[in-house]
Structure formats: structure tokens, C-alpha cells
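# Observations on the three-dimensional arrangement
Here are the chains, one letter per residue:
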Protein chains: 2
Amino acid sequence: MLKHNNELKQESVDSLRGGKGTTGIIHLLEKDQFHNKGRLFSHMKLKPGVSIGYHKHEGDFEGYYILNGEGTYTEDDKKYSVKAGDFTLTEVGHSHGIENTGTKDLEFIALVLFE
Amino acid sequence: MLKHNNELKQESVDSLRGGKGTTGIIHLLEKDQFHNKGRLFSHMKLKPGVSIGYHKHEGDFEGYYILNGEGTYTEDDKKYSVKAGDFTLTEVGHSHGIENTGTKDLEFIALVLFE
């Protein structure tokens, strides 16, 4: 199955997980395509100043693979600078959030799989 | 957990699945990090002319999200042109392969989850 970019499900979510601004989401897999192994495989786009609020993962874990831009990633209350090529993994029971603190769009692939 | 790009496991595989040339693989999740939900979440890099050979998925399914470049994607013996932003999904029991038929590197995210 091939979907061109304009055929993928796109969403704009305000204040995602309590964060600032509007996060753009291109859904690669839709929920019924995961064979119950996870719930998110998406290309996320945050303009400068936009953030995904700090939140805890219970029953699942999430990776972010940074494609473009830079930002501040928070995990378990520690802050890290991230940029294109970096990968973060928030294990079951841990918390994270991310903010675009740069001047370009911050884009990353997000993958959430179940515990 | 944060890994900078140079801390991620990188591989160069010749003739992947019987394809041409050498495929570069940056492993985002390692096998023991999947909680047994899958086996590959990687950034793949194919130089012009390089291909991943046509192969069948049994017991798992795979998505390719094209990040850069263009290529020819084959699924169940049909050929499609793919470019940055396109997403392909090869379901359980189906076959696919991909070749960089462009002039730039073809890069994509590959995700293999279990059935």
C-alpha cells in the first residue's frame, strides 16, 4: 500500500499534552493498522516556540527521532538540547516533553508502542 | 534516554535482501528495546543505484516513510514511484522491495512490527 503525502491523515492539535501553540501531526500508521502493538507512528512538526507538554508514559513507551531543527527535551525533570539526528526514548513509567527553542521548525518522528 | 546521532548503532549491509550495493542503517531502537512488539525501527540510507531486494513479510509488517530522494518501490509485483513524504505499508503476507532510481541519496524510516 502506498500513500502519497497528501493522502496521509493530518491533524493540528492545540496545546498538545498541555504544551504551547499548535502541533502538526502527519499520521503514518492509523490506529487500526498497528495490529495492537502501539498507537502512534507520526511525523510531528512544531514551529518555533511550540511545545508538547511534559507527561508520563504508563503502559507504553515512546521514541522521538529528530529530523530537523533543534529544541529542549525534558525527561524525568532533566533538560537536554536536541537536534537533527538525535534519538530519545522514554520508557514505561517515565515522563517527557519537548519544546522548539530554535528558529526553524522542529520536526521528528514519534513512535509509541505498548508495554 | 537521549542518544546523539554518533551514539546510535550504525551498520552498512551489502546486498540487503539480495539487493544491489550497500545500505546504510542507523538503528533507532535496538532489538531488546522493542518490548517484543517489533524488530526494526531504523533510518535507512541508499545511495543512487542501491536497492533492498524484493522479499516477503511473514509474521510481521513494515512501513517505509520516505525522508529524502526518490525511488522505485515494488509491492506484490507492482512498481510505484516514491518520493519524500510518501509512506508505504507492506502488510503481513505481502512482498516488497525498493531501489534508489534517483540522483540523490534515498533516505527513509523503516518500522517492522510483529503480526
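Since this is a predicted model, take the numbers as computed values, not measurements.

Listed as interface residues are 35 residues of chain A and, on the opposing side, 35 residues of chain B. Roughly 3100 Å² of surface becomes buried between chain A and chain B when both sides are summed, with 67% attributable to carbon and sulfur atoms. Applying the counting rule to chain A against chain B returns zero salt bridges. Put simply, chain A and chain B have 18 residue pairs in polar contact (both at pLDDT 80 or more) between them. Considered class by class, the residues forming the side of chain A that touches chain B number 20 nonpolar, eight polar and seven charged. Here two bridges tie strand β9 (residues 87-90) of chain A to strand β1 (residues 2-3) of chain B, and the two strands are oriented antiparallel to one another.

Bringing the sheet that holds strand β8 (residues 78-83) of chain B into the picture now. Residues and elements named next belong to chain B. The four strands lie next to each other as β5-β10-β7-β8, forming an open sheet whose pairing is antiparallel. Edge strands, defined here as strands with exactly one partner in the open sheet, are β5 (51-56) and β8. Taking each pair of neighbouring strands and ignoring which way they run, the sheet shows an average axis angle of 20°. As paired strands, strand β7 (residues 70-75) and strand β10 (residues 95-99) are joined by four bridges and run antiparallel to one another. Among the inter-strand pairings, Thr74 is bridged to a residue of β10, identified as Gly97.

The subject of this paragraph is the relation of the copies chain A and chain B. For the pair of chain copies, the relating transformation is a rotation about an axis with a translation along it. With an RMSD of 0.0 Å, the operation that places chain A on chain B is a rotation of 180° combined with a shift of 0.0 Å along the axis. Both copies are brought into coincidence by an operation consistent with a two-fold rotation axis. When C-alpha distances to the rotation axis are compared across chain A, the minimum falls at Lys37 of chain A, with a value of 2.9 Å. Comparing interface residues between copies, 100% of those in chain A also sit at the interface in chain B, which points to an isologous, same-surface contact.

All right, on to the side chain of Thr23 of chain A then. Mapped onto the fold, Thr23 of chain A is located in strand β3 (residues 22-29). Excluding its chain neighbours within four sequence positions, the residues that come into contact with Thr23 of chain A are Glu11, Ser12, Val13, Leu16, Met44, Lys45, Leu46, Val50, Ser51 and Ile52 of chain A.

Our next topic: the environment of Asn36 of chain A. Residue and element names in this part refer to chain A. With respect to the element layout, Asn36 can be found in the loop between β3 and β4 (38-46). Judged by its relative accessible area of 62%, Asn36 falls in the exposed class. The spacing of Asn36 and Phe114 is 78 residues in sequence and 8.1 Å in space, taken between C-alpha atoms.

Turning our eyes to something else, we now look at the nonpolar core. Residues Phe41, Tyr65 and Ile109 of chain A together with Phe41, Tyr65 and Ile109 of chain B are the most contacted members of the largest nonpolar core, which totals 28 residues. Where this core is concerned, the elements lending two or more residues are β3, β6 (60-68), β9 and β11 (106-114) of chain A together with β3 (22-29), β6 (60-68), β9 (87-90) and β11 (106-114) of chain B. Not counting the four nearest positions on each side in its chain, Phe41 of chain B is found in contact with Phe41, Phe87, Ile109 and Leu111 of chain A together with Ile26, His27, Leu28, Leu29, Phe34, Ile109, Ala110 and Leu111 of chain B. Counting 18 residues, the second largest nonpolar core, distinct from the first, contains Leu2 of chain A together with Ile66, Val82 and Ile98 of chain B.

All names here are of chain B. Within the secondary structure, Gly59 sits in the loop between β5 and β6. Between the C-alpha atom of Gly59 and that of Phe114, which follows or precedes it by 55 residues, the distance is 6.0 Å. Gly59 has contacts with Val92, Phe114 and Glu115, leaving out every residue within four places of it along the chain.

If you trace the seven strands from one edge of the open sheet to the other, you get β2(A)-β3(A)-β4(A)-β11(A)-β6(A)-β9(A)-β1(B), paired in antiparallel fashion. The strands lining the two open edges of the sheet, one partner per strand, are β2 (9-14) of chain A together with β1 of chain B.

This part is about the environment of Leu89 of chain A. As for its position among the elements, Leu89 of chain A is in strand β9. In this structure the C-alpha to C-alpha distance between Leu89 of chain A and Ala110 of chain A, which are 21 residues apart in sequence, comes to 9.9 Å. Apart from residues no more than four positions distant in its own chain, Leu89 of chain A is found in contact with Phe61, Glu62, Gly63, Tyr73 and Glu75 of chain A together with Met1, Leu29 and Gln33 of chain B.

Right, let's talk about the packing of aromatic side chains for a bit. Across all of its chains, the model carries nine aromatic pairs over all chains by this definition. A centroid spacing of 6.3 Å and a plane angle of 40° characterise the contact between Tyr73 of chain A and Tyr80 of chain A, whose relative ring orientation is tilted. Each residue in the set Phe41 and Phe87 of chain A together with Phe41 and Phe87 of chain B is aromatic and connected to the rest through ring pairs, giving one cluster.

Reading the values: the criteria
- Residues numbered from 1 in each chain as written.
- Chains lettered and ligands numbered in written order.
- Predicted model: local features only at pLDDT ≥ 70, side-chain atom pairs only at ≥ 80, totals over all residues.
- Heavy atoms only, no water.
- Contact = heavy atoms within 4.5 Å.
- Buried area = accessible area lost by both parts, 1.4 Å probe.
- Salt bridge = Lys/Arg side-chain N within 4 Å of Asp/Glu carboxyl O.
- Polar contact = N/O pair within 3.5 Å; in protein donor to acceptor, adjacent residues only side chain to side chain.
- Nonpolar A, V, L, I, M, F, W, Y, C, P; charged D, E, K, R; others polar.
- Pairing = 2+ DSSP bridges.
- Helix = DSSP H or I, 4+ residues; strand = E, 2+ residues; numbered from the N terminus.
- Axes fitted to C-alpha atoms, helices over the stretch in contact; angles between N-to-C directions.
- Least-squares fit on C-alpha atoms with pLDDT ≥ 70 in both.
- Buried < 20%, exposed > 50% of the residue type's maximum accessible area, 1.4 Å probe, protein only.
- Core = buried A, V, L, I, M, F, W, Y, C linked by side-chain atoms within 4.5 Å.
- Phe/Tyr/Trp six-rings, centres within 6.5 Å; stacked < 30°, edge-to-face > 60°.

As far as function goes, none of this settles anything; it's purely spatial.
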